[in-house]
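Listed below are the residues making up each chain.
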Amino acid sequence: MKNTEVSIVKLAITFAIGLVIWFIPVPQGLDIRAWHLFAIFLSTIIGIILKALPMGSICMTGLAVSLFTGTLNLKTEALTGFSNSTIWLIVIAFFIARGFIKTGLGTRIAYFFIYILGKKTLGLSYGLALTDLVLAPVTPSNTARAGGVIFPIMKSLSHSYGSDPNEPSRKKIGEFLTLSCFHVDMITSAMFMTAMAANPLIAQFAGENGVKLTWGTWALAAVVPGLVSLAIIPLIIYKIYKPEITETPNAKEHARESLQKMGPMTKSEWTMIGVFIFLITLWIFGGTLGIPSTTTAFGGLSVLLISGVLSWEDIKSEKGAWDTLIWFGVLVMMASYLNKLGFIPWFSQFVSSEVTGMPWTTAFPILLGVYFYSHYIFASSTAHVTAMAAVFMLVGINVGVPPMLMAISLGFFSNLFGCLTHYGAGPAPVFFGAGFVDLSDWWKAGFGISVINILIWMIIGGIWWKVLGLY
């Protein structure tokens, strides 16, 4: 079947599901607008999962349907998502991330860590992990971060040691580095609100439930379990998928030569470092100073534009940012009005009935486990977060889970669950498509690492969050 025919079938399925739900009698106690918006919202999510059209196209179609059917008002409701400050924080972070790539600072950081740690294969993995960690706070596209900076260097290193995809030689070094770099990216994505595009949705849902989840709170809560995961996961992968080549002295030399070719730090790179320090400082302390995170992001971007590190052409050509603004704005708006119109409270009461009577300490891990492993059916972290996070957050709070604990746990799990499959997160197809890891090994590694990460973040993280007084 041709791609066009496949898309038509997927679109037909998407619209059919929406129509069926639309014409089902409205449940008692629920406003008809809430039910109709749910039909549009669910069909939009189904379209994203099926990849019937690009995500932005699906979301714009959902927006158009909500307007033509009178489900939402154009002036006061349908466009409110585009004025959401959290969305603009992510959009601006895309522009700032472009500065790291354009100036070459991201690549320089990677080669620096490889030079320091690259004598052994395990050291290489930690060098690339540290690069990912440094770039994560200002790179909301984990696909761009992992695929644009980490992946090319990892692939080049693998080939330099005669480790080729789809060949037995992949086990020399390529298999290990691929698995390590991918799973590290899922961890770093969980550590900062600005490290994955859908993270601010969690903050949005938390705010709607009276929980103030700031950039600093998120980062502080994630630092201990995140660093433990970053230390342990590459080592575990190394033990299970041990590379045939364990000593890599040439990598250190290769990194040194690459740094020499790049020459001394440029003015643009120093400016990027200055802006990076400015952003992190005010994102951490801005709440105390009364400076919103988005205001800080606008300030950092303006410095890059004034200094010439970025041009307006760079801003216009950053497709990922504008694409995110469109689909994110629509999804956030729909999710917000599902809550305002009463659908999410209604549905959460329905789900709550399944765990009613349980102590929250029992209901909490059940809810998180269902939320985590349901990611097997999702091909997008954003779709998963949009479809389920708000309901699970409200259900957890209703059964007695401390609100901040529920919010941060869902935030972290909304990234960590990307480890499960070769399609469940943006970077997954990039790394899996390189051909260094068999499908069966990818899934087995994903499940095993998911269990380890859950234990780390719930036990070590839980103790750390208690120390911080978050619950």
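Residues numbered from 1 in each chain as written. Predicted model: local features only at pLDDT ≥ 70, side-chain atom pairs only at ≥ 80, totals over all residues. Heavy atoms only, no water.

What about the pattern of salt bridges?
The full count for this structure, using the stated rule, is 14 salt bridges. Taking the shortest distance from any N to any O, the salt bridge between arginine 108 and glutamate 269 comes out at 2.6 Å. Placement of arginine 108 in helix H6 (residues 105-117) and of glutamate 269 in helix H13 (residues 267-289) is noted, with a sequence separation of 161 residues between them. Residue glutamate 247 is joined to lysine 120 by a salt bridge in which the shortest nitrogen-to-oxygen separation is 2.7 Å. Placement of the pair is glutamate 247 in the loop between helix H11 (215-240) and helix H12 (249-262) and lysine 120 in the loop between H6 and helix H7 (121-135), with a sequence separation of 127 residues. On the basis of relative accessibility, which here comes to 44%, the residue glutamate 247 falls in the partly exposed class. Given a relative accessible area of 44%, lysine 120 falls into the partly exposed group. Counted as one network, the salt bridges with shared partners bring together Arg98, Lys102, Asp314 and Glu318. (Salt bridge = Lys/Arg side-chain N within 4 Å of Asp/Glu carboxyl O. Helix = DSSP H or I, 4+ residues; strand = E, 2+ residues; numbered from the N terminus. Buried < 20%, exposed > 50% of the residue type's maximum accessible area, 1.4 Å probe, protein only.)

Some words on unusual backbone geometry
Backbone geometry places lysine 51, a non-glycine residue, at a positive phi of 55°. Structurally, the position occupied by lysine 51 is in the loop between helix H2 (32-50) and helix H3 (55-68). Since its relative accessible area comes to 51%, lysine 51 is described here as exposed. You will see that asparagine 166, though not glycine, has its phi angle at about 60°, which is positive. You can see asparagine 166 is positioned in the loop between helix H8 (142-160) and helix H9 (174-191). By relative accessible area, asparagine 166 is classed as exposed at 63%.

What to know about the packing of aromatic side chains
As enumerated under the stated definition, the model contains 27 aromatic pairs in all. Relative to tyrosine 238, the ring of phenylalanine 176 has its centre 5.4 Å away and its plane inclined at 75°; by these criteria the two rings are edge-to-face. You can see phenylalanine 176 sitting in helix H9 and its partner tyrosine 238 sitting in helix H11, a full 62 residues away along the chain. Both rings, one in phenylalanine 412 and one in tryptophan 465, keep their centres 5.6 Å apart while their planes meet at 35°; by these two values the pair is tilted. Highlighted residues: phenylalanine 412 in helix H20 (residues 403-416) and tryptophan 465 in helix H22 (residues 439-468), separated in sequence by 53 residues. Of the two residues examined, phenylalanine 412 and tryptophan 465, each falls in the buried class. Ring pairs connect the aromatic residues Tyr371, Phe372, Tyr373, Tyr376, Phe392, Phe413, Phe417, Trp443 and Phe447, which therefore count as one cluster. Cation over ring: lysine 252 sits above tyrosine 115, and NZ or CZ is 4.0 Å from the ring centre. (Phe/Tyr/Trp six-rings, centres within 6.5 Å; stacked < 30°, edge-to-face > 60°. Lys NZ or Arg CZ within 6 Å of the ring centre and 35° of its normal.)

Concerning helix H16 (residues 319-340)
Residues separated by three or four positions in an α-helix point in the same direction, a consequence of the helix having 3.6 residues per turn. An ideal rise of 1.5 Å per residue puts 32 Å on 22 residues; H16 measures up with 31 Å between its terminal C-alpha atoms. The positive-phi residue at the C-terminal boundary of H16 is glycine 342, with phi of around 100°. (Expected span 1.5 Å × (residues − 1).)

Observations concerning empty space enclosed by the protein
Tallied over the full model, the rule gives 1 cavity of 30 Å³ or more. Approximately 40 Å³ is the volume found for the largest cavity. Taken together, Phe205, Glu208, Asn209, Asn339, Ile344, Ala390 and Leu394 make up the full set of residues lining the largest cavity. (1 Å grid on protein atoms, 1.4 Å probe; cavity = no way out; pocket = protein on both sides within 12 Å on 5 of 7 lines; lining within 4 Å. Points joined across faces, edges and corners; volume = space filled by probe spheres on them.)

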